[in-house]
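Chain and residue survey
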Amino acid sequence: SEDKEIKREGDKNAYFFFFSGSLGGRAEVRALSGEIQKAFEGFGNSEGVFEFGTRLGFYRLGESVGKGCFGRVYRAEQLLTGATVALKAISKRGLRDRSSRVKVDREVSILKRVSGCQGVIRLFEVFEDSDCVFMVFEYARRGDLVRFFQTRPLLEEPQLRVFFRRVAEAARSLHRVGVVHRDLKLENILLDENFEPKICDFGISTLLDPEKPAKDTGGTPVYLAPEVILAEGNVGPKTDVWSLGVLLYLLLFGYVPFRANDVQILYQKILLGHFRFEETDVGSPELRHLISSMLKVDPASRLSLDQVLEHEWLASPESKKSDPLPLPESAEKGIFLFLESLGFPRAYIQQSVSQKAFNHVSACFEALAAQFRSKKSHLSVFD
């Protein structure tokens, strides 16, 4: 009777027809659906506290696309939805000491906090088995900025203005939820299929807490702010402003403002704030002024991100981005109906999505919803 009710509602929804038609008939989806239905037998449609456990078999691993301190990232297919995702596998053999596991748990906590921020890579779910901890993310198929600029010239200033504003707005969205990224660089900015930037890698990020000031010196040396090198507990939102200033200089000239073969000499240059602009016609006076204002040694004299985004170089209307398209109500209903047809109880779906449970049903919902949340980039240089 429940199947008939789902079909009756689905007959009126084009999205349900699309999902069930393109995915529901696949043998692997039918097999997984049977597993889901069996797991929820007797659960009924009450909300409850039942938690359906994800296993790696719900994904098909593809090629490795990256490697971090604690794990490797793979391109993968989410079998129930057919969506391409990024799956990070962290071997538990590398987490034998308590501090390593604490770092991973802290990163997961921060990822959950920032996952809804615009311009930030979205975490879909976290699960583990006896061997690994797995994190599943949206897939940014254009890769990072390092990969992009290996085959493309530097951006012209009008395109740089629009692109950099996207990155700065994403960083500000992190600060608004109490997170300082601390490692903003080319490698940690991904591009989605529309070439929109997505900040990633929160391995050394910090929660803003006046009672627990950050005093470690983690980060990438050429991007480090003076207060990070000094390690006196002054790390804050303006630390990201410094890194963004280094990034903006790099995107303009093709190299970083502070350079040295010896790390200690590099740190001395950063602490003194000594850098210069090349005597070329690259970069308008307004752009150079913005960079100089972001690379002030004293954080009190450095611009805040709000001030950066209000700067005359970034204030032009064409650099501002419209809000992403909302998920159509009919699309949301179609996704709910499709997930229900796979065997997930309706109340469980609603609970998982509304509470951002980061479990498999919310991961499937987010993967299917992602295509409706994207909007074609205005960065014509990337088209």
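Not measured: the values here are computed from a predicted model.

**Observations concerning the pairing of strand β2 (residues 71-78)**
Every regular strand shows the same layout, with side chains that alternate between the two sheet faces. In terms of strand pairing, strand β1 (residues 59-67) meets β2 through 6 bridges, oriented antiparallel. Looking at the pairing, Lys67 lines up with Arg72 of β2. Across 8 bridges, the pairing between β2 and strand β3 (residues 83-91) is antiparallel. Of the residues in β3, the one forming a bridge with Val73 is Lys88.

**Structural notes on the sheet that holds β3**
Pairing in this open sheet of 5 strands is antiparallel, and the strands run β1-β2-β3-β5-β4 from one edge to the other. Every other strand in the sheet has two partners, leaving β1 and β4 (123-128) as the edge strands with one partner each. With direction set aside, neighbouring strand axes in the sheet form an average angle of 25 degrees. Relative to β4, helix α14 (residues 360-373) is tilted by about 150 degrees, and along the sheet it contacts β1, β2, β3 and β4.

**Observations regarding helix α6 (residues 157-176)**
In a regular helix each residue adds 1.5 Å, so 20 residues correspond to 28 Å; α6 covers 28 Å between its end C-alpha atoms and thus fits that length. Counting buried residues in α6 gives 16 out of 20 residues, a clear majority hidden from the surface.

**Examining the environment of Gly245**
Locating Gly245 in the fold gives a position in helix α8 (residues 237-253). For Gly245, a relative accessible area of 0% translates into the label buried. When neighbours within four sequence positions are excluded, Gly245 is seen to be in contact with Ile291, Met294 and Leu295.

**Digging into the pattern of salt bridges**
Here the idea is simple: oppositely charged side chains can pair when their charged atoms come close. For the coordinates displayed, the defined rule picks out 21 salt bridges. In this structure, Asp183 engages Lys185 in a salt bridge whose closest nitrogen and oxygen atoms are separated by 3.7 Å. With a relative accessible area of 12%, Asp183 lands in the buried category. A cluster of three or more residues bridged by salt bridges with shared partners is formed by Arg26, Glu28, Arg60 and Glu77.

**Remarks on the environment of Val263**
With respect to the helices and strands, Val263 occurs in helix α9 (residues 263-272). Val263 sits 42 residues away from Pro221 along the chain, and the two C-alpha atoms are 7.4 Å apart.

**As for helix α12 (residues 329-341)**
One turn of an α-helix holds 3.6 residues; hence residues three or four places apart share an orientation. The end-to-end C-alpha distance of α12 is 18 Å, a good match for the 18 Å that 13 residues give at a rise of 1.5 Å each. Gly343 occupies a position one or two residues after α12 and carries a positive phi of about 120 degrees.

**Description of the pairing of strand β5 (residues 132-138)**
Here β5 lies mainly inside the structure; 7 of its 7 residues are buried. The sheet contact formed by β3 and β5 spans 7 bridges and is antiparallel. Bridge pairing links Lys88 to Met135 in β5. Where β4 and β5 come together, 5 bridges link them in antiparallel fashion. Following the sheet pairing, Val126 is matched in β5 by Met135. Counting the residues between successive antiparallel strands, the hairpin from β4 to β5 contains 3 residues.

**Observations regarding the confidence of the model for the chain**
Low pLDDT marks regions whose predicted coordinates should not be analysed in detail. Within the chain, residue pLDDT values average 89, and 89% of them lie at 70 or more. The model gives residues 376-381 a pLDDT under 50, and that stretch makes 15 contacts with residues more than four places away or in other chains.

**Here's the deal with the packing of helix α2 (residues 14-22) against α12**
Closest axis-to-axis distance for the α2/α12 pair is 7 Å, and the angle between their directions is 40 degrees. Taken together, the axis directions place α2 and α12 in an arrangement best described as oblique. Crossing of α2 against α12: the hand is right-handed. Contact with α2, carried on its side by Tyr15, Phe16, Phe19 and Ser20, involves Ser330, Ala331, Gly334, Ile335, Leu337, Phe338 and Ser341 of α12 and no other residues of that element. For the contact of α2 with α12, the per-class residue count stands at 7 nonpolar, 4 polar and no charged.

Calculation notes
- Residues numbered from 1 in each chain as written.
- Predicted model: local features only at pLDDT ≥ 70, side-chain atom pairs only at ≥ 80, totals over all residues.
- Heavy atoms only, no water.
- Pairing = 2+ DSSP bridges.
- Helix = DSSP H or I, 4+ residues; strand = E, 2+ residues; numbered from the N terminus.
- Axes fitted to C-alpha atoms, helices over the stretch in contact; angles between N-to-C directions.
- Contact = heavy atoms within 4.5 Å.
- Expected span 1.5 Å × (residues − 1).
- Buried < 20%, exposed > 50% of the residue type's maximum accessible area, 1.4 Å probe, protein only.
- Salt bridge = Lys/Arg side-chain N within 4 Å of Asp/Glu carboxyl O.
- pLDDT = per-residue confidence, 0-100.
- Parallel < 35°, antiparallel > 145°, perpendicular 65-115°, else oblique.
- Left-handed = near helix turned anticlockwise from the far one by under 90°.
- Nonpolar A, V, L, I, M, F, W, Y, C, P; charged D, E, K, R; others polar.

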